[in-house]
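Residues per chain, in single letters:
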Amino acid sequence: MLDGERLDPGLAKALGALRGEDVLDLVSLANRVRNRFAPGFQACSIINAKSGLCSENCRFCAQSAAHATDAGNYPMVDLAVILSAAETAYAAGVRSFCIVASGYGMTRADDDFRRVLRAVDAIHERHPDMGVSASLGVLGQETARLLAERGIEHCNINLQTAPARYRKLIADTHAVEERIATIRLLKKHGIRVCSGAILGIGETMDDRIALAFTLNELRVDVIPINVLVPIKGTPLEGYPPLPAVEAAGTVALFRLINPGAVIKLAAGRETVMSDFQGLLMLAGASGFITGGYLTTRGRETERDFAFLRELDGFASAPQPAPVPQ
Ligand code: SF4
């Protein structure tokens, strides 16, 4: 793999069956693959710009109107609120900021969408060195084109789990094909794509591997990996926490299958993985979301950056290498 050979699905399945201390060998290989093909690190912060009252029924999500949760409901926040959050992230040293809105998607350039565009412009104007991204669900031709014109850093739309199991494990109010179509649309417009997973929702290792290969086939650039934080009121309330060794093996496989992608640790890394988040970093991650998530708390960016410095030496790689095709 360090010479650029691709992992085939059969071998990935065999590696996914590793247990116990053997997983640490997988972690070590993934760390080397990351250092060789995806050096560098990306920290990003997000704002939940529009929360709750979502028409969709994603089983893990606190924001679905189908679930009775304590998550806040509010319409798209004012421009000033988005800019203030971006300013806070910038001051903390974060150079990638994502505007997230709940809901099925933004297929037309309505008022909410135009506000996102204004925010992108204003942040770029204040901080040309800050990348601005958006997570707006399913997009249409017009909205994708407008985001491309704004020089958006990337757009997020998670596939969450194996596409073949999306309907059972995630939601049945929309089809995963709509989300895959959005990924293709983004690529057509030259926008970098961020699309990832949520682990611990009842999926198998084979489901995770199937998703990792799908993301590779779709040439996804950034892969956020969430670990379920069970929310009271959702169907997944009371789900047991994902064992750390399983999470580490999964991150490692995502790295081996997607050698050149940015793999970001997201929700659950502090709360569910707690003392093991360093292990997840060494399993091939090359980024994290810092400063909190949509409906769950994270930890302060200052602490995250200190944590990152402590990992340096295990995970630094000064020489980028060409990514195998
Ligand atoms: S994940 Fe997104 S689309 Fe699904 S319920 Fe939550 S806000 Fe709605």
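Source: prediction; values computed, not measured. (Residues numbered from 1 in each chain as written. Predicted model: local features only at pLDDT ≥ 70, side-chain atom pairs only at ≥ 80, totals over all residues.)

1. Quick word on the overall build of the protein chain
Thought 1: In terms of helices and strands, the protein chain carries eleven helices and eleven strands.
Thought 2: In terms of overall dimensions, the protein chain is globule-like: its C-alpha atoms have a radius of gyration of 18 Å, near the 20 Å expected for 325 residues.
Thought 3: Counting only C-alpha atoms and orienting by the principal axes, one finds that the protein chain spans roughly 50 × 40 × 35 Å.
Thought 4: Expressed as a percentage of its 325 residues, the buried residues of the protein chain come to 48%.
Thought 5: Within the protein chain, contacts between residues at least 6 apart in sequence are counted, and of these 79% link residues at least 24 apart. (Helix = DSSP H or I, 4+ residues; strand = E, 2+ residues; numbered from the N terminus. Rg over C-alpha atoms; globule rule 2.2 N^0.38 Å. Buried ≥ 20, exposed ≤ 12 C-beta atoms within 10 Å, placed from the backbone. Contact = placed C-beta atoms within 7 Å.)

2. With respect to the pairing of strand β2 (residues 96-101)
Thought 1: Of all the six residues making up β2, five are buried; the element is thus mostly covered by neighbouring parts of the structure.
Thought 2: Chirality of the crossover, the property in question, places the unit of strand β1 (residues 42-50), helix α3 (residues 79-91) and β2 among those that are right-handed.
Thought 3: Summarising the sheet, β2 and strand β4 (residues 131-135) pair through five bridges and their orientation is parallel. Pairing of Phe97 across the sheet is with Val132, part of β4. (Right-handed = clockwise from strand over helix to strand, strands pointing away. Pairing = 2+ DSSP bridges.)

3. What about the packing of helix α8 (residues 205-217) against helix α9 (residues 244-257)?
Thought 1: Packing of α8 against α9 leaves a shortest axis separation of 9 Å and a crossing angle of 30°. The angle between α8 and α9 falls in the class roughly parallel. Between α8 and α9 the crossing geometry is right-handed. From α8, Arg208, Ile209, Ala212, Phe213 and Asn216 reach across to α9, where they touch Thr250, Leu253, Phe254 and Ile257.
Thought 2: Within the contact of α8 with α9, the residues separate by chemical class into six nonpolar, two polar and one charged. (Axes fitted to C-alpha atoms, helices over the stretch in contact; angles between N-to-C directions. Parallel < 35°, antiparallel > 145°, perpendicular 65-115°, else oblique. Left-handed = near helix turned anticlockwise from the far one by under 90°. Nonpolar A, V, L, I, M, F, W, Y, C, P; charged D, E, K, R; others polar.)

4. Structural notes on the nonpolar core
What tends to happen in soluble globular proteins is that the nonpolar side chains get buried as a cluster.
Thought 1: Membership of the largest hydrophobic core comes to 96 residues, with the highest contact counts inside it found for Cys155, Ile225, Val251, Ala252, Leu280 and Ala283.
Thought 2: At eight residues, α9 tops the list of elements feeding residues into this core.
Thought 3: In this view, Ala252 contacts Leu26, Val27, Ala30, Ala283 and Gly284; residues no more than four positions away in its chain are not counted. (Core = buried A, V, L, I, M, F, W, Y, C linked by C-beta atoms within 7 Å.)

5. Regarding the confidence of the model for the protein chain
Thought 1: Residues with a pLDDT of 70 or more make up 94% of the protein chain, whose mean pLDDT is 90.
Thought 2: Long-range and interchain partners of residues 317-325, a stretch whose pLDDT sits below 50, account for twelve contacts in this model, where long-range means more than four residues apart. (pLDDT = per-residue confidence, 0-100.)

6. Regarding unusual backbone geometry
Thought 1: Of note, Leu53 is a non-glycine position whose phi angle comes to about 55°, a positive value.
Thought 2: Within the fold, Leu53 resides in the loop between β1 and α3.
Thought 3: You can call Leu53 partly exposed: it has 14 C-beta atoms within 10 Å.
Thought 4: Within the chain, Arg219 stands out as a residue other than glycine whose phi angle is a positive 55°.
Thought 5: Along the chain, the position of Arg219 falls in the loop between α8 and β9 (222-227).

7. With respect to the site of the ligand
Thought 1: For the ligand, the full set of nearby residues is Cys54, Glu56, Cys58, Cys61, Gln63, Ser64, Ser102, Gly103, Tyr104, Gly137 and Ala171.
Thought 2: Of the residues in the shell around the ligand, the class split is five nonpolar, five polar and one charged. (Near = placed C-beta within 6 Å.)

8. Overview of the environment of Ala261
Thought 1: Following the sequence through the fold, Ala261 ends up in the loop between α9 and β10 (262-265).
Thought 2: The exposure class of Ala261 is buried, given the 28 C-beta atoms found within 10 Å.
Thought 3: Separated by 25 residues in the primary sequence, Ala261 and Ser286 place their C-alpha atoms 8.5 Å from one another.

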